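Architecture at a glance
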Amino acid sequence: MLTSLLLLKPDEEDYWNSSKFKAFTFDDEDDEFSRLKESKQAVNSIRRLVEEDDDEDDVEKVSWSGEPVGSISWSVRETAASNQRTDREPAFPKINADTPTVSRSHSGYSLSSLFKGETGDQFSDSLSDSSVRLYAPELRKPKSEYKDYVSDWSPEETVHRMQQGKAVSLEKFRSLQDKLLLLDFSISAHDGNVITAVTLFTITFTVLFRELESRQTALRHFIHYLTETRDQRLLLELLRALGRTEDIALLQYKEHLSIADENKRRDFLKSCLSLPFSPEDSAHVQDHYTLLERQIIIEATDRQAERGGKVEIFQKFPRRASILNMPLITTLYYCCFYHYTESEGTYSSPLNVRQTFRISEKQFFVTALAARAKLKAWVDVDALFTSRNWLGFTRKKSPLGFHRVVDILQKNSAPTQVLQEYVGLVDDAELRISLAQKHKCHDIIINTYRDLKDRQQLLGYRGKVERGSVEERKINELLDNPQIRWKN
């Protein structure tokens, strides 16, 4: 074997002598420039091999410093670094200052991650950010960096750092005393987000509902958080632990809002009647159930009558919407509009609705007036104001100021004759004149000036009416009447 190696053919000798790759000998000069040149040539040959396989493998190869392996800059840096190393210096590359680092928020403490249902601390979330490019293997961070996460911060310092938006670890507060102390410091800081975050940590790990009873600020923030996140289970558990039976009842009552079917909603409201409400709330829930039950009956009857086409009012004024789940006053307006003349014994009678739900006289009057004026039923409108005393005399009386009555009638396009009658019933003279001028009720203005015995105002108003009109002749008769003692 050795003989065959020594006896090389001429062609093989020419190959080895002409090759650009030289064999290593101990006699070669340790010239830096020569080694740099050879390194550059070797890197270039490697690059050509890599470029040929680009279609098969697109993985980018990086060095410790984050630079692509095979680049000239990498080769130069590696060669220069090998000459400058000493025994005292570690054999790690210098970290480039431009390398992306994990940034920490400098704004106030945010609960957005909590409301989104995320778990884990801010540090772990920031490391998982796909936009941050980290090269592996990662170098150990300086001790000053780890200080933000692993230092033994006191509860007060922890709360202060949370207010500054810095990441902290709450898991080290394991004892009951530490957790309550941390909670008290967060309350003293008057920062709602910090209070909520600390409360969530305390409740999650210790289930100390009773401790929140003496810390009303934290309790309010925690209840608000559970309400916003719609965590009904935990909220009910909290209220039961605190003995808030009325709040539990109201929370369960609110579930009717999510029930679309009216029959199922009615049955649910009926089941709520036995909940421990306060006396006032219990009366409201009872009225709600009774109203929905009545609306279901009225809706079924009116829908059938409307489809039958035999009831005149449904033909002249078709219903625009269902009465189901409408407020009480809307239901009363509906009954005054479509069922005004029905006897008090029927569910849809306005008088029956008024009596059942204890509607005040003023509220009933305003609703009925608006409904009958909308229908232009002026006889019914007039009947609302007519009252009879014990002597049998009738007079117009209203629980509402007549100036407001005029406004309601005017909005429903009442004719001038109807408006004039109620404008004349306004007590204040100046307001009466103002309304009469607005609605062109000339007789009201003339009679008011006559009652005030104001000759100058009457003369001035004569110039505003049409010449030769009935109003002008009436003014002239009053001015020529010697029995009137004018003030001016």
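The sections below set out a description of the structure shown in this document. Since the structure is predicted, the reported quantities are computational estimates derived from the model, not experimental observations.

Criteria and thresholds
- Residues numbered from 1 in each chain as written.
- Predicted model: local features only at pLDDT ≥ 70, side-chain atom pairs only at ≥ 80, totals over all residues.
- Heavy atoms only, no water.
- Buried < 20%, exposed > 50% of the residue type's maximum accessible area, 1.4 Å probe, protein only.
- Helix = DSSP H or I, 4+ residues; strand = E, 2+ residues; numbered from the N terminus.
- Arc of directions from axis to C-beta.
- Contact = heavy atoms within 4.5 Å.
- Core = buried A, V, L, I, M, F, W, Y, C linked by side-chain atoms within 4.5 Å.

On to helix 15 (residues 262-272), then. Count 3.6 residues to each turn of an α-helix, and residues three or four apart come out pointing the same way. What helix 15 keeps buried is the set Arg265, Phe268, Leu269 and Cys272. For helix 15, the buried positions fall inside an angular range of 100° around the axis, keeping them on one side. In the core, the buried residues of helix 15 are packed alongside helix 14 (245-253) and helix 16 (279-308).

At Asn325, a residue that is not glycine, the phi angle is positive and equals roughly 65°. Tracing the backbone through its elements, the reader meets Asn325 in the loop between helix 17 (312-316) and helix 18 (328-338). We classify Asn325 as partly exposed; its relative accessible area is 38%. Of note in the backbone geometry, Lys376 takes a positive phi value of approximately 60° without being a glycine. You can see Lys376 is positioned in the loop between helix 20 (361-374) and helix 21 (378-385). When its relative accessible area of 40% is taken as the criterion, Lys376 is described as partly exposed.

Moving on to the nonpolar core. In this structure, Leu369, Phe385, Val405, Leu409, Tyr422 and Leu458 are the most contacted members of the largest nonpolar core, which totals 51 residues. Non-local contacts of Tyr422, meaning those with residues more than four positions away in its chain, are made with Val381, Asp382, Phe385, Lys396, Phe402, Val405, Val406 and Leu409. Grouped together as the second largest cluster of nonpolar side chains are 31 residues, Ile187, Tyr225, Leu226 and Leu238 included.

Quick look at the environment of Gln456 now. One can find Gln456 in helix 26 (residues 455-462). Through-space distance from the C-alpha of Gln456 to that of Asn488 is 6.6 Å; in sequence the pair is 32 residues apart.

In this section: the environment of Thr202. Residue placement: Thr202 occurs in helix 10 (residues 192-206). The sequence separation of Thr202 and Leu183 amounts to 19 residues, and the corresponding C-alpha distance is 7.7 Å.

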